[in-house]
Amino acid sequence: LMGEISVKKDISEMSLAFVGAGKMAQAMAKGFLAAGVVKADHITATAPSCRSQDTLEGIGCQFTHNNKEAVANSDIIFLSVKPHVLPGVLQEIAPVVTKRHLMVSVAAGVPLQFLEEKLPPKSRVIRVMPNTPCVVRQGASVYVPGSHVEKEDSEIIKSLLSSLGYCSESNEGMISAVTGLAGSGPAYAFTAIDALADGGVKMGLPRELSIKLAAQTLLGASKMVLETGKHPMQLKDDVCSPGGTTIYAIHKLESGGFRNLLIDAVEGACLRADAIA
Ligand code: NAD
């Protein structure tokens, strides 16, 4: 516990930069502020356009167009540009990266070896796969330490990401699968919520109520899985009474290939993550 506290104390003194001030960066910055683990005026975000400037300054963060300056003045650098933009950004910032910097890439499909090669020798690099529910501190993330990170670096990232939801250390061989399941997964759930709400509306419910019921139902089911520790199919069996409404619905889902579709979705995103690497 003492170790945890001392890491947290150190983090609150650290300065963070997001190189690439887009959706993922904003979700993480807002989550860190909601968690109270980082001070707003210790966060800088960068982008070539001014599109996200108001949002970031509105929550008390600094905004600049200057990547090198942001990197030079920060301790922890989140590389949060699109994967195809990252090589150019690495080349641009490499001259100002020193031993001081802990480099954290959230880019899908960009290997640690590539990141380490583009940065000065012995750079401390960690690869992270987060997801946007970080914004409400219900994210699901993994991190993979690079070859030159210290134990304390991993602890700092673990502590930061844990403030945004679930987080565990992983290895790089798993990261595309994590991308396919958790990185892209919120979009599958949003689509499911919208479709369930359509079902409610079709059967006569107002749209607003339908969306609330759909979202809360997925949230409740998720909490039951996490908090009871029961297998999801045990929980499914528990609500399927013989000849009842639920098993009729399950039959419809099975005839439509519901499970196959979800498996295909995870596989599709995973293979795409590998392809853009
Ligand atoms: P985004 O397009 O919303 O954000 C990218 C940001 O980078 C924009 O603000 C853009 O202006 C900025 N940018 C472009 N060129 C730049 C440059 N040269 N220097 C500095 N900034 C520059 O994209 P996003 O969805 O936030 O994704 C960012 C990264 O996060 C990607 O690599 C993606 O793989 C990863 N990621 C995203 C999600 C997600 O759910 N969105 C989940 C996991 C990982």
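Provided above is the structure to which this section pertains.
What you see is a predicted model, and the numbers here were worked out from it, not measured in a lab.

## Focus: the overall build of the chain
Summing up its helical and strand segments, the chain has 13 helices and 8 strands in all. Across its three principal directions, the C-alpha atoms of the chain cover 65 × 40 × 40 Å. Classification of the 277 residues of the chain by burial places 40% in the buried group. Across the chain, every contact between residues at least 6 apart in sequence was considered, and the portion connecting residues at least 24 apart equals 64%. A distance of 3 Å separates the average location of the 26 positive side-chain charges in the chain from that of its 27 negative side-chain charges.

## Looking at the site of the ligand
Around the ligand, the structure places 22 residues, and the nearest of them are Lys 23, Met 24, Asn 67, Val 81 and Ala 108. Within the backbone of Ala 21, an N or O atom sits 3.5 Å from an oxygen atom of the ligand. Backbone polar atom of Gly 22 to an oxygen atom of the ligand: 3.2 Å apart, as the coordinates give it. Expressed as a share of its isolated accessible area of 830 Å², the protein-covered part of the ligand is 81%.

## Concerning the nonpolar core
Formed by 35 residues in total, the largest nonpolar core has its most connected members in Phe 18, Met 28, Phe 32, Ile 76, Phe 78, Ile 157 and Leu 160. Elements that contribute at least two residues to this core include exactly β1 (16-19), α2 (23-35), β2 (43-46), β4 (76-79), β5 (102-105), β6 (124-129) and α7 (151-162). Considering every element that reaches this core, the biggest residue donor is α2, with 6 residues. Apart from residues no more than four positions distant in its own chain, Phe 18 is found in contact with Ala 25, Met 28, Ala 29, Phe 32, Ile 43, Thr 44, Ala 45, Thr 46, Phe 78 and Ser 80. Grouped together as the second largest cluster of nonpolar side chains are 26 residues, Ala 17, Val 19, Val 89 and Leu 115 included.

## Some words on the packing of helix α8 (residues 175-183) against helix α13 (residues 258-275)
Running from amino to carboxyl end, α8 crosses α13 at an angle of 135 degrees, the nearest separation of the two axes being 7 Å. As the angle between them shows, α8 and α13 are arranged oblique. The hand of the α8/α13 crossing is right-handed. Across the interface between the two elements, Ser 176, Ala 177, Thr 179, Gly 180 and Leu 181 from α8 touch Val 266, Ala 269, Cys 270, Ala 273 and Asp 274 from α13. For the contact of α8 with α13, the class distribution of residues is 6 nonpolar, 3 polar and 1 charged.

## Points about the sheet that holds β5
Ordered by their spatial adjacency, 8 strands build an open sheet running β3-β2-β1-β4-β5-β6-β7-β8, and the pairing between neighbours is mixed. On the outer flanks of this sheet lie β3 (62-64) and β8 (165-169), each paired with one strand and no other. Neighbour-to-neighbour, the strand axes of the sheet open up by a mean angle of 20 degrees, direction not taken into account. Of the strand pairs in this sheet, β1 and β4 are connected by 4 bridges, and their pairing is parallel. Bridging across to β4, Ala 17 finds its partner in Ile 77. Packed onto the sheet, helix α5 (residues 86-93) meets β1, β4 and β5 and runs at close to 155 degrees relative to β4.

## Regarding the packing of helix α9 (residues 185-202) against helix α10 (residues 207-228)
Viewed as axis vectors pointing N to C, α9 and α10 meet at an angle of 135 degrees, and their least axial separation amounts to 8 Å. Overall, the two elements α9 and α10 adopt an arrangement that is oblique. In this structure, the crossing between α9 and α10 has a hand that is right-handed. For the pair formed by α9 and α10, the contact residues are Ala 189, Ala 192, Ile 193, Asp 194, Leu 196, Ala 197, Asp 198, Gly 200 and Val 201 on the first element and Arg 207, Ser 210, Ile 211, Ala 214, Ala 215 and Leu 218 on the second.

## Looking at the pairing of strand β7 (residues 139-145)
Burial runs high along β7: 5 of the 7 residues are buried. Looking at chain direction, β6 and β7 are connected through 4 bridges and run antiparallel. Directly across from Ile 126, in β7, lies its bridge partner Pro 145. Bridging between β7 and β8 involves 5 bridges; their strand directions are parallel. If you follow Ala 140 over to β8, its bridge partner there is Tyr 166.

## A short note on the layout of surface pockets
Each pocket or cavity is described by its volume, and for the second largest pocket that value is around 1100 Å³. Lining the second largest pocket are 38 residues, and of these Lys 23, Met 24, Ser 80, Val 81 and Lys 82 lie nearest its centre. Elements that contribute at least two residues to the lining of the second largest pocket include exactly α2, α8, α9 and α13. Per-class residue counts for the lining of the second largest pocket are 20 nonpolar, 14 polar and 4 charged.

Definitions and limits used
- Residues numbered from 1 in each chain as written.
- Predicted model: local features only at pLDDT ≥ 70, side-chain atom pairs only at ≥ 80, totals over all residues.
- Heavy atoms only, no water.
- Helix = DSSP H or I, 4+ residues; strand = E, 2+ residues; numbered from the N terminus.
- Buried < 20%, exposed > 50% of the residue type's maximum accessible area, 1.4 Å probe, protein only.
- Contact = heavy atoms within 4.5 Å.
- Lys, Arg positive; Asp, Glu negative; His and termini not counted.
- Charge placed at Lys NZ, Arg CZ, Asp CG, Glu CD.
- Near = heavy atom within 4 Å.
- Polar contact = N/O pair within 3.5 Å; in protein donor to acceptor, adjacent residues only side chain to side chain.
- Areas by Shrake-Rupley, 256 points an atom, 1.4 Å probe, with all protein chains shown as cover.
- Core = buried A, V, L, I, M, F, W, Y, C linked by side-chain atoms within 4.5 Å.
- Axes fitted to C-alpha atoms, helices over the stretch in contact; angles between N-to-C directions.
- Parallel < 35°, antiparallel > 145°, perpendicular 65-115°, else oblique.
- Left-handed = near helix turned anticlockwise from the far one by under 90°.
- Nonpolar A, V, L, I, M, F, W, Y, C, P; charged D, E, K, R; others polar.
- Pairing = 2+ DSSP bridges.
- 1 Å grid on protein atoms, 1.4 Å probe; cavity = no way out; pocket = protein on both sides within 12 Å on 5 of 7 lines; lining within 4 Å.
- Points joined across faces, edges and corners; volume = space filled by probe spheres on them.

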